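Reading the structure
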Amino acid sequence: MPTAECAARQLRATTARTKGAHHALYVVLLKDTRRVGRWGLYVGETTLDPDLRFDQHKIGYKASGHVNRVGVRLLPQLFEHFNPLRRWEAVELEPALAEAFRHAGVSWVEGGH
């Protein structure tokens, strides 16, 4: 998904790695063989380590149904450059990142709210 990576790199986080930055964005690769466009992305925001949050989704704890059922793995190249950030910016960037993926042509994007 080179176009998704290019879209993610175009967004900037002003509070990345600053004092008081304890939130993280994360992006999960989705694969659903029942869909026409079988590959997609889920965009989320958390105070936890993204790996731990992904594990929680997969066991069903506070899980997005999409990630729980068809989440494959994290795509750190799409989010690591943002993290960590302050809460207000994570809340703003989560939907902006999802929209950037849609605009870049990713046909199936979940989360980002």
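Everything discussed here concerns the structure shown above.
As a starting point, this report considers the structure included with it. Small disclaimer: the values here were computed from a predicted structure and weren't measured. (Residues numbered from 1 in each chain as written. Predicted model: local features only at pLDDT ≥ 70, side-chain atom pairs only at ≥ 80, totals over all residues. Heavy atoms only, no water.)

**With respect to the layout of surface pockets**
Over the atoms rolls a probe the size of a water molecule, and in doing so it shows where empty space is left. Defined as follows: Cavity means a closed set of points on a 1 Å grid over the protein atoms alone, one where a 1.4 Å probe fits but cannot get out, pocket means an open set with protein on both sides within 12 Å along at least 5 of 7 lines, and lining means a residue has an atom within 4 Å of a point. Grid points are joined across faces, edges and corners, and a volume is the space filled by probe spheres set on the points. Strands are runs of DSSP state E lasting at least two residues, helices are runs of H or I lasting at least four, and both sets are numbered from the N terminus onward. Residue polarity follows a fixed list, in which Ala, Val, Leu, Ile, Met, Phe, Trp, Tyr, Cys and Pro are nonpolar, Asp, Glu, Lys and Arg are charged, and the others, Gly among them, are polar.
Roughly 170 Å³ of internal volume is contained in the largest pocket. Taken together, 14 residues line the largest pocket, and the ones lying closest to its centre are Tyr26, Glu45, Arg53, His57 and Lys62. Among the secondary structure elements, those contributing two or more residues to the lining of the largest pocket are β2 (39-46) and α2 (50-59). Classifying every residue of the lining of the largest pocket by side-chain character gives five nonpolar, five polar and four charged.

**Notes on the side chain of Glu94**
Here is the rule we go by: Buried means the residue's accessible area, taken with a 1.4 Å probe over protein chains only, is under 20% of the maximum for its type, while exposed means over 50%, and partly exposed covers the values in between. Note on charges: Lys and Arg go in the positive column, Asp and Glu in the negative column, and His and the chain ends are not counted at all. Definition used for salt bridges: Asp or Glu carboxyl oxygen within 4 Å of a side-chain nitrogen of Lys or Arg. Any two residues whose heavy atoms approach within 4.5 Å are treated as being in contact.
Structurally, Glu94 can be placed in helix α4 (residues 87-103). The buried charged residue Glu94 lacks any salt bridge, with Arg87 as its nearest oppositely charged partner at 8.8 Å. Contact partners of Glu94, with chain neighbours within four places excluded, come to Leu25, Val43, Gly44, Glu45, Gly112 and His113.

**Observations regarding the sheet that holds strand β4 (residues 109-111)**
So the rule is basically this: For two strands to count as paired, DSSP must find a minimum of two bridges between them. To get an axis, a line is fitted to the C-alpha atoms, and for a helix only the part in contact is used. The angle between two axes follows their N-to-C directions and goes from 0 to 180 degrees.
The strand order across the open sheet formed by four strands is β3-β1-β2-β4, and the pairing between neighbours is mixed. The outermost strands of the open sheet, each flanked by one partner alone, are β3 (71-74) and β4. On average, each strand axis in the sheet is tilted by 30 degrees relative to the strand beside it, whichever way the strands run. Strand direction decides the pairing type here: strand β1 (residues 24-31) and β3, joined by three bridges, are antiparallel. Residue pairing in the sheet places Val28 in a bridge with Leu74 of β3. The strands touched by α4 are β1, β2 and β4; relative to β2, the strand with the most contacts, the crossing angle is about 170 degrees.

**Describing the environment of Leu78**
Following the sequence through the fold, Leu78 ends up in the loop between β3 and α4. Separated by 32 residues in the primary sequence, Leu78 and Glu110 place their C-alpha atoms 15 Å from one another.

**Some points on a nonpolar patch on the surface**
Rules: Here a patch means residues that are over 30% exposed by relative accessible area and free of salt bridges, tied together within 9 Å if like-charged and within 5 Å if nonpolar (Val, Leu, Ile, Met, Phe, Trp, Tyr). A 1.4 Å probe and the Shrake-Rupley method give the accessible areas. Residues count as covered only by the protein chains that appear here.
The grouping of Met1, Trp39 and Val72 at the surface amounts to a nonpolar patch, some 270 Å² of accessible area in total. Accessibility expressed as a relative area gives 42% for Met1, which makes it partly exposed.

**What about the packing of aromatic side chains?**
The test is simple: Pairing of aromatic side chains requires ring centres within 6.5 Å, counting the rings of Phe and Tyr and the six-membered ring of Trp. Pairs whose planes differ by under 30 degrees are stacked, by over 60 edge-to-face, and all others tilted. Placement of a charge over a ring requires the Lys NZ or Arg CZ to be within 6 Å of the ring centre, with the centre-to-atom vector within 35 degrees of the ring normal.
As enumerated under the stated definition, the model contains one aromatic pair in all. Across from the ring centre of Trp108, 4.0 Å away, lies the NZ or CZ of Arg35, which sits over that ring.

**A look at the packing of helix α1 (residues 2-10) against α4**
Short version of the rule: An angle counts as roughly parallel when it lies under 35 degrees, as roughly antiparallel when it exceeds 145, as roughly perpendicular when it falls between 65 and 115, and as oblique in every other case. Take the far helix as your reference; a near helix turned counterclockwise from it by less than a right angle gives a left-handed crossing, and one turned clockwise gives a right-handed crossing.
In contact at an axis separation of 9 Å, α1 and α4 are set at 140 degrees when each is read in the N-to-C sense. Classified by the angle between their axes, α1 and α4 sit oblique to one another. Between α1 and α4 the crossing geometry is right-handed. The segment α1 lies against α4, with Ala4, Ala7 and Ala8 engaging Leu97, Ala100 and Phe101. When grouped by side-chain class, the residues that make up the contact of α1 with α4 number six nonpolar, no polar and no charged.

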